[in-house]
Amino acid sequence: MSAALSVEGLTTSLRIDGVWRDAVRDVSFELARGETLALVGESGCGKSLTAMTVMGLLPAGVGRLSAGRIVIDGVETSGLAEAQLEKVRGDAIGMIFQEPMTSLNPVLTVGFQIAESLIQHRGLSRRQARERARELMELVRIPAAAQRLDSYPHQFSGGMRQRVMIALAIACEPKVLIADEPTTALDVTVQAQVLDLLGSLQRDKGLGVLLITHNLGVVATNAQRVMVMYGGDVVESGEVGAFFANPRHPYSRALLAAMPRVDRPTADLSPIPGQVPTLADMPEGCRFQSRCPLREEACARRPPLTPLRDDPRHLTRCVVTAREAS
Amino acid sequence: MIAYLAKRLLLAAPTLLAVLTLVFVLVRIVPGDPAFVILGDQATPQALAELRGRLGLDQPLWRQYAAFMSDVLTGDFGRSLVTNRPVMTDVLAVLPYTIELTIASLIIGVVFGVPLGVWAARSRDGFADWVARIVSLAGLSFPAFVSGIMMLIAFAIHFRWFPVISKGVPLTDPVERLRSLALPALNLGLIMVAYLTRVTRSGMLKAMSEDYVRTARAKGMPTTIVIWRHGFRNVLIPIVTVIGLYLGVLIGNSVLTEIVFNRPGLGKLIIGALEKRDYTMLQGLMVIYAFIIVVVNLLTDLAYGLVDPRVKTT
Ligand SMILES: Nc1ncnc2c1ncn2[C@@H]1O[C@H](COP(=O)(O)OP(=O)(O)OP(=O)(O)O)[C@@H](O)[C@H]1O
Ligand SMILES: [Mg+2]
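### Notes on the packing of helix α3 (residues 110-122) of chain A against helix α10 (residues 223-260) of chain B
Moving on, step 1. Running from N to C, α3(A) and α10(B) cross one another at 160°; their axes reach a closest spacing of 14 Å. If you check the angle between α3(A) and α10(B), you find them roughly antiparallel. Crossing angle aside, the handedness with which α3(A) passes α10(B) is right-handed. Two secondary-structure elements touch here, α3(A) through Phe112(A), Glu116(A) and Gln120(A) and α10(B) through Ile225(B), Arg229(B) and His230(B).
Moving on, step 2. Of the residues that constitute the contact of α3(A) with α10(B), the class distribution is 2 nonpolar, 2 polar and 2 charged.

### Observations regarding the pattern of salt bridges
Residues and elements named next belong to chain A.
Moving on, step 1. Under the counting rule described, the total for this entry stands at 27 salt bridges over all chains.
Moving on, step 2. Glu135 is the salt-bridge partner of Arg132, the closest N and O atoms lying 2.9 Å from each other. Separated by 3 residues within a single helix, Arg132 and Glu135 lie in helix α4 (residues 126-139), roughly one turn from each other.
Moving on, step 3. Several salt bridges share partner residues, and in doing so they unite Arg132, Glu135, Glu173 and Lys205 into one network.

### Some thoughts on helix α5 (residues 87-122) of chain B
Moving on, step 1. End to end, α5(B) covers 51 Å across 36 residues, agreeing with the expected 52 Å (1.5 Å per residue, within 8%).
Moving on, step 2. In α5(B), a bend of some 35° at Val94(B) exceeds every other bend along the element, and Pro96(B), a proline, comes one to four places later.

### Concerning the state of the cysteines
Residue and element names in this part refer to chain A.
Moving on, step 1. Applying the stated criterion across every chain, the model contains 0 disulfides over all chains.
Moving on, step 2. Here Cys45 is not disulfide-linked; the sulfur of Cys286 is the nearest cysteine sulfur, at 14 Å.
Moving on, step 3. Overall, the relative accessible area of 12% leaves Cys286 in the buried class.

### Quick word on a nonpolar patch on the surface
Residue and element names in this part refer to chain B.
Moving on, step 1. On the surface, Phe145, Ile149, Ile153, Ile157, Val164, Ile165 and Leu256 cluster together into a nonpolar patch covering about 590 Å² of accessible area.
Moving on, step 2. The biggest single contributor to the nonpolar patch is helix α7 (residues 144-158), with 4 residues.
Moving on, step 3. Relative to the helices and strands, Phe145 resides in helix α7.
Moving on, step 4. Given a relative accessible area of 39%, Phe145 falls into the partly exposed group.

### A short note on the interface of chain A and chain B
Moving on, step 1. Counting residues at the interface gives 29 residues for chain A, matched by 20 residues for chain B.
Moving on, step 2. Both faces considered, chain A and chain B share a buried interface measuring about 2200 Å² in area, 54% of it formed by carbon and sulfur atoms.
Moving on, step 3. Note that Glu116(A) is salt-bridged to Arg229(B), the shortest N-O span being 2.5 Å.
Moving on, step 4. Applying the counting criterion to the chain A and chain B interface returns 15 residue pairs in polar contact (both at pLDDT 80 or more).
Moving on, step 5. Elements that contribute at least two residues to the side of chain A that touches chain B include exactly α1 (47-55), α2 (82-88), α3 and α6 (158-169) of chain A.
Moving on, step 6. Among the elements that make up the side of chain A that touches chain B, the one with the highest residue count is α3(A) (6 residues).
Moving on, step 7. Grouping the amino acids of the side of chain A that touches chain B by side-chain chemistry returns 13 nonpolar, 10 polar and 6 charged.

### Focus on the side chain of Ser103(A)
Moving on, step 1. On the secondary structure map, Ser103(A) appears in the loop between β6 (93-96) and α3.
Moving on, step 2. One polar contact links the side chain of Ser103(A) to the main-chain carbonyl oxygen of Glu99(A), over a distance of 2.8 Å.
Moving on, step 3. The contacts of Ser103(A), once residues within four sequence positions are left out, are Phe97(A), Met165(A), Asp211(B), Tyr212(B), Arg214(B) and Thr215(B).

### Considerations on the packing of α3(A) against α4(A)
Residues and elements named next belong to chain A.
Moving on, step 1. Across the interface, α3 lies against α4 with an axial gap of 8 Å and an inter-helix angle of 115°. Crossing angle aside, the handedness with which α3 passes α4 is right-handed. For the pair formed by α3 and α4, the contact residues are Val110, Gly111, Phe112, Ile114, Ala115, Leu118 and Ile119 on the first element and Arg126, Ala129, Arg130, Arg132, Ala133, Leu136 and Met137 on the second.
Moving on, step 2. A breakdown of the residues in the contact of α3 with α4 according to their chemical character gives 10 nonpolar, 1 polar and 3 charged.

### Here's the deal with the site of ligand 1
Residues and elements named next belong to chain A.
Moving on, step 1. Taken together, Leu14, Ser43, Gly44, Cys45, Gly46, Lys47, Ser48, Leu49, Val62, Gln98, Glu181 and His214 make up all the residues around ligand 1.
Moving on, step 2. Here an oxygen atom of ligand 1 sits 3.1 Å away from a polar atom, N or O, in the main chain of Gly46.
Moving on, step 3. Within the side chain of Glu181, a nitrogen or oxygen atom sits 3.1 Å from an oxygen atom of ligand 1.
Moving on, step 4. Within the complex, 64% of the 640 Å² of free accessible area of ligand 1 lies under protein.
Moving on, step 5. Considering every element that reaches the shell around ligand 1, the biggest residue donor is α1, with 3 residues.
Moving on, step 6. Classifying every residue of the shell around ligand 1 gives 4 nonpolar, 6 polar and 2 charged.

### Re unusual backbone geometry
Moving on, step 1. The phi dihedral of Asp26(A) is positive, around 50°, even though this residue is not glycine.
Moving on, step 2. Relative to the helices and strands, Asp26(A) resides in strand β2 (residues 19-31).

### Some points on the pairing of β6(A)
Residue and element names in this part refer to chain A.
Moving on, step 1. Here β6 shows no split at all, with Ile93 and Met95 on one side and Gly94 and Ile96 on the other all buried.
Moving on, step 2. Judged from the 4 bridges that link them, β6 and strand β7 (residues 176-180) form a sheet pairing that is parallel. Of the residues in β7, the one forming a bridge with Ile96 is Ala179.

### Focus on the sheet that holds strand β8 (residues 208-212) of chain A
All names here are of chain A.
Moving on, step 1. One open sheet accounts for 8 strands, arranged β6-β7-β8-β3-β9-β10-β12-β11; its pairing is mixed. Looking at which strands have only one partner, the edges of the open sheet turn out to be β6 and β11 (306-307).
Moving on, step 2. Where strand β3 (residues 36-40) meets β8, 4 bridges bridge the pair, whose relative direction is parallel. Paired with Leu39 across the strands is Ile212, a residue of β8.
Moving on, step 3. Helix α10 (residues 250-257) rests against β3, β9 (225-230) and β10 (233-239) of the sheet, and its axis sits at about 105° to β9.

### Concerning the sheet that holds strand β5 (residues 75-76) of chain A
Residues and elements named next belong to chain A.
Moving on, step 1. If you trace the 4 strands from one edge of the open sheet to the other, you get β2-β1-β4-β5, paired in antiparallel fashion. Only two strands of the sheet have a single neighbouring strand rather than two, namely β2 and β5.
Moving on, step 2. The pairing of strand β1 (residues 5-16) with strand β4 (residues 63-72) spans 8 bridges and is classified as antiparallel. Bridging across to β4, Ser6 finds its partner in Val71.
Moving on, step 3. Lying over the sheet, α1 contacts β1, β2 and β4, oriented at roughly 110° with respect to β1.

Rules behind the numbers
- Residues numbered from 1 in each chain as written.
- Chains lettered and ligands numbered in written order.
- Predicted model: local features only at pLDDT ≥ 70, side-chain atom pairs only at ≥ 80, totals over all residues.
- Heavy atoms only, no water.
- Axes fitted to C-alpha atoms, helices over the stretch in contact; angles between N-to-C directions.
- Helix = DSSP H or I, 4+ residues; strand = E, 2+ residues; numbered from the N terminus.
- Parallel < 35°, antiparallel > 145°, perpendicular 65-115°, else oblique.
- Left-handed = near helix turned anticlockwise from the far one by under 90°.
- Contact = heavy atoms within 4.5 Å.
- Nonpolar A, V, L, I, M, F, W, Y, C, P; charged D, E, K, R; others polar.
- Salt bridge = Lys/Arg side-chain N within 4 Å of Asp/Glu carboxyl O.
- Expected span 1.5 Å × (residues − 1).
- Bend = angle between axes of the 7 residues up to and from the residue.
- Disulfide = S-S within 2.5 Å.
- Buried < 20%, exposed > 50% of the residue type's maximum accessible area, 1.4 Å probe, protein only.
- Patch = residues over 30% accessible without salt bridge, like charges linked within 9 Å, V, L, I, M, F, W, Y side chains within 5 Å.
- Areas by Shrake-Rupley, 256 points an atom, 1.4 Å probe, with all protein chains shown as cover.
- Buried area = accessible area lost by both parts, 1.4 Å probe.
- Polar contact = N/O pair within 3.5 Å; in protein donor to acceptor, adjacent residues only side chain to side chain.
- Near = heavy atom within 4 Å.
- Pairing = 2+ DSSP bridges.

Below is the structure:
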């Protein structure tokens, strides 16, 4: 069975002040059915941009896919015309966005917003789609679903809106779901409920989930594999267990060290010194070198993403730590 | 919805009352007094006293106010000082012309302005955007009498497609009536086109960059549906606002248009009343205008209830 989503050498360029610069470079990964792959990294490293590229939602004239192949449920979507892409989006792949408060249309009923893609992709009649929307609202555990079909988004709380977003994204039973920080805007208890919900949908429907998050705790409990991005590069990827036990890239280590933990005093909290360089003054070679404690001469050339000898599924883009591992 | 309507009506009542009081006060604080203003400084004391008696100006103020209010509320605005016909009769005779002109220019504004605004937003800085900019600049900067005269010269005198003078076409001749309406409505409609193009363009640019439009695209909705159902539906809210606001402006602007095209209407009635110092007529017209504005506001509120579910209509 083919992967739910496979991405090869994806490179996204942004036009900034009239110059095209690579904001995401050479990203490759496969997402199996039923698997959760977490994508982490600090703000601005290109997580959402990667997601938008996979969805084919880059803003025209500002962003473009400059290299790479994207295959969604066996269909290559890179290079497809907009009209063809529309048939895949919302059908084979769905997406949940970071901002539940603004991602729903304020003048359309939630029932219709959920039903809309079923009418579009599945040719359901309005009545059938409405009935299915009610079932989906029950599935995402919105109480009194039947009465709330005709409610508008402003009548829902943030957590309930995010549930509507989930219902809307999975309406056509996609093979891939991209969840871009689905819980950041929500309070902690609602966060847990929403993640639980995603987990159970995933088990029931064999959904492949690309989970974008800032929260390493969420990664540890919800994902099987993790991919760390820095400045548009994937700098490390591996199984969640191996990653947390033995992070290889200096950036991942810094990220883990900066994470608050209950078993350590907060005085140990070490934020990563320095800032991500802007796209215009990204260094040649390793993009993390300006902030890296292990920096050496070889870092001036771009390091390849190297599999570790003892665990070939664990890769790091660092000449120093790759050497130390073997 | 019915309850909402009733509530709005109740809210409109004090506004109307306040405006009526204002009209009453305005007319009475004219320097000298209305009788003096009407007859001028050559008038004999007898003539002044006689007119004051006829207008009830010799009564105590509270009695004048009570009489004014009860008259106005029963639809009696007195008689014109010039023609001696009831003010209401003269107003009702020209009201249909003003209403048809306003509605026709509103329709022209919506039919041309809204699609032009959407189109302009779609091709930002492209050809359509340029067309939209020129149209809205022209509509906002040409005084109505200049564009009106230009239209008359081109379409009525040179090409002879439309009559030069549209005075007094009866309601029973719809074809002629439409022909005589075309140029004035176009002239006045140009202003509405300008306002609506602007608000639609900026509204669409904003809406299309909203997160919910991204959601609609992520669902795979075709571009036309994204534009109209998801983007444009939200722009209806500012469009209603602009229509509500500028309908009043439109009625005011109709004065120039009515003069240029020599069309009967409220605007011409006002000019005539001003020239001849027909003070009862002016007072009546002010009340009618206030009433029209209140009705327009009421309709605007109702329209809000239709286009924006966040407005509580219960
Ligand atoms: N529309 C755009 N125009 C210009 N630059 C953009 C645009 N979208 C993203 N960028 C830039 O691309 C880079 C990657 O942004 P992206 O949104 O992917 O970050 P992210 O990893 O999702 O961050 P966050 O965790 O804050 O969501 C950033 O430097 C950002 O400034
Ligand atoms: Mg993001």
